[in-house]
Amino acid sequence: MAAVKAAIHISDVSHLDQVNDATAASLSVYATRLPTGLDGHNGRKIIPKFMVVGHRGHGMNILQSTDKRMKAYKENSILSFNHAANYPLDFIEFDVQVTKDDTPIIFHDNFILSEENGNIVEKRVTDLTLDEFFSYGPQRETGQVGKSLLRDYDGTIVGWNVEIDDHSCTLEEAFQKVNPCLGFNIELKFDDYVVYEQEYLVHVLQVILKVVHENAQERPVIFSSFQPDAALLMKKLQDKYPVYFLTNGGTEIFDDERMNSLDEAKKLAISGGLDGVVSEANGIFKNPIVVREIKESNLSLLTYGKLNNVPEAVHAQYLMGVEGVIVDLVQEITSAVACLKTGDEGVEVTENTDKIELSSLLNLVSQVMQH
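Nothing here was measured: the structure is a model prediction, and the numbers come from that model.

1. What about the overall build of the protein chain?
Piece 1. Within the protein chain, the regular secondary structure consists of twelve helices and 16 strands.
Piece 2. When the 371 residues of the protein chain are sorted by exposure, 55% land in the buried category.
Piece 3. Look at the contacts in the protein chain between residues 6 or more apart in sequence, and 70% of them connect residues 24 or more apart.
Piece 4. For the protein chain, the computed accessible surface area is about 16500 Å², with 47% contributed by carbon and sulfur atoms.

See the structure below:
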């Protein structure tokens, strides 16, 4: 196995979904099956370019973590995006919502929290005007102090304290101020527990599209969304940029069955003419056969999640035919991936060697998932 710089060790990964013996067995079986459609000459395979995407820029913030890397730079900020550009990333991923006065802004959470007069005040982001949204956290003008910015982690309220902070930004600002070497993976952010009218979804998507069309120029753009109707509508509203359907791969269950499994995600992508699927990484290891099915359906497959901060899990996905990973530890994972490829033309490898290597990696990943 190629030497890789450690990002997170197996013993450091916690709170991942468990797998049973049957799942581990399926991983072992799949270790003998490399993806089809990559045939070279004389029984050899060509592994294509593998994409690395910075999650919310330089990585998401886990404010209660003891790992300083998870709270180094304010997520979803211009500062975080441009720091990510210092590493060989292909794209950065970020979350876009639309304010009450129709401005696309970059912010992940559905609700924004602050402390006012000793009380925690929670407001839905999309109910705020742009000026109200900008009133939280660091301010643009020197000497101005914004409202405190807090975050809710499973009922625990913590201060949004990072080593290097930055003010919030709009989608338009990101296009104007972020290093043009980075493509944008724009997640169309909606509340998973709200049922939206089509008229509202169309309006929001058109507001976002207007900013993209006016500012993207030559920058590569990918759209993605956990909201199935938003993904389908975005594909109907434009055909210039790829659209992916995001799924947690069944790690959480929703009323909308289309959101509940990798199989359902594949069906939606096929029926809606989407370009690909972005799955929580646990989902593909629990259901590895779907990787082949997705690729045979001429769909692209990317993944996200904690496992993507483990070099061995990323390496396994590389060999399985996953086309890219969304990661938090951009420095460590880009360094690890650099060891796996030699350039855009692809890396020539022997099939038998890869089978053995993939089997070993999948055993390690199984240990991580059971940890």
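2. Side note on the side chain of threonine 247
Piece 1. Position of threonine 247 relative to the elements: it lies in strand β12 (residues 243-247).
Piece 2. For threonine 247, the contacting residues outside a window of four places in its chain are Phe226, Met259, Ser261, Leu262, Ala265, Val277, Val278, Ser279, Glu280 and Tyr304.

3. Some details on unusual backbone geometry
Piece 1. Within the chain, arginine 56 stands out as a residue other than glycine whose phi angle is a positive 55 degrees.
Piece 2. Its location among the elements puts arginine 56 in the loop between β2 (51-55) and α2 (78-84).
Piece 3. Even without a glycine there, the phi angle at asparagine 117 is positive, about 55 degrees.
Piece 4. Take asparagine 117: it is sitting in the loop between β5 (111-116) and β6 (119-124).

4. Section: the pairing of β6
Residues in a regular strand project their side chains so that they alternate between the two faces of the sheet.
Piece 1. Bridge analysis of β5 against β6 gives six bridges, and the strand direction is antiparallel. The residue bridging phenylalanine 111 from the neighbouring strand is arginine 124, located in β6.
Piece 2. Hairpin connection, β5 to β6: the antiparallel pair is bridged by two residues, and asparagine 117 has positive phi, about 55 degrees.

5. Digging into the packing of aromatic side chains
Piece 1. Tallying each qualifying case throughout the model produces twelve aromatic pairs.
Piece 2. Each ring, one from phenylalanine 133 and one from phenylalanine 134, has its centre 5.9 Å from the other, and the planes form 35 degrees; the classification is tilted. No difference in accessibility class separates phenylalanine 133 from phenylalanine 134, as the two residues are buried.
Piece 3. Aromatic side chains phenylalanine 190 and tyrosine 196 sit 5.2 Å apart centroid to centroid with 70 degrees between the ring planes, which places their arrangement in the edge-to-face category.
Piece 4. Assessed through its relative accessible area of 8%, phenylalanine 190 is described here as buried.
Piece 5. Among the aromatic side chains, those forming a connected cluster through ring pairs are Phe81, Phe94, Phe175 and Phe184.
Piece 6. If you follow arginine 140 out to its NZ or CZ, it ends over the ring of phenylalanine 134, 4.1 Å from the centre.
Piece 7. Lying over the aromatic face of phenylalanine 184, arginine 219 brings its terminal NZ or CZ to 4.1 Å of the ring centre.

6. A closer look at the pattern of salt bridges
Piece 1. Applying the stated rule across the entire model yields 20 salt bridges.
Piece 2. The salt bridge partner of arginine 56 is glutamate 75, with a shortest N-O separation of 3.1 Å. Of this pair, arginine 56 sits in the loop between β2 and α2 while glutamate 75 is found in the loop between β2 and α2, placing the two residues 19 residues apart along the sequence. Of the two residues examined, arginine 56 and glutamate 75, each falls in the buried class.
Piece 3. Residue lysine 177 pairs with glutamate 173 through a salt bridge whose shortest N-O separation is 3.5 Å. Highlighted residues: lysine 177 and glutamate 173, both in helix α4 (residues 171-177), separated by four residues, approximately one helical turn.
Piece 4. Look at the salt bridges and you will find they share partners, linking Arg56, Glu75, Asp95, Asp109 and Arg151 into a network.

7. A short note on helix α6 (residues 228-237)
Piece 1. By the criterion of burial, α6 is predominantly enclosed, with seven of the ten residues buried.
Piece 2. Lining the buried residues of α6 we find β10 (183-188), α5 (198-215), β11 (221-225), β12 and α7 (262-271).
Piece 3. At the N-terminal boundary of α6, the capping side chain belongs to glutamine 227, with an oxygen 2.9 Å from the backbone nitrogen of aspartate 229.

What counts and how
- Along each chain, residue indices are assigned from 1 in the same order as the chain's sequence is written.
- Reporting in this predicted model follows two pLDDT cut-offs: at least 70 for local features of residues, and 80 or more for side-chain atom pairs to be given and counted; totals over whole chains, interfaces and linings ignore these cut-offs and use all residues.
- The side-chain figures draw on all heavy atoms in the structure; neither hydrogens nor water molecules are used.
- Counting from the N terminus, the helices are the DSSP runs of H or I reaching at least four residues and the strands are the DSSP runs of E reaching at least two.
- Here the term buried applies to any residue with accessible area under 20% of the maximum for its type, exposed to any over 50%, and partly exposed to those in between, with areas from a 1.4 Å probe on protein chains only.
- Should any heavy atoms of two residues lie within 4.5 Å, those residues are considered in contact.
- Per-residue and other accessible areas were derived by the Shrake-Rupley procedure at a 1.4 Å probe size, with only the shown protein chains allowed to occlude residues.
- Here a strand pair is declared whenever DSSP counts at least two bridges between the two strands.
- In summary, the pairing rule links any two rings of Phe, Tyr or Trp, Trp by its six-membered ring, whose centres are within 6.5 Å, and it sorts them by plane angle into stacked for under 30 degrees, edge-to-face for over 60 and tilted for everything else.
- A positively charged side chain is recorded as over a ring if its NZ (Lys) or CZ (Arg) lies within 6 Å of the ring centre. The angle to the ring normal must also be within 35 degrees.
- One speaks of a salt bridge when a side-chain nitrogen belonging to Lys or Arg is within 4 Å of a carboxyl oxygen belonging to Asp or Glu.
- Side-chain atoms alone can form a polar contact between residues adjacent in sequence; in general such a contact is a pair of N or O atoms within 3.5 Å, and within protein one must be able to donate a hydrogen while the other accepts it.

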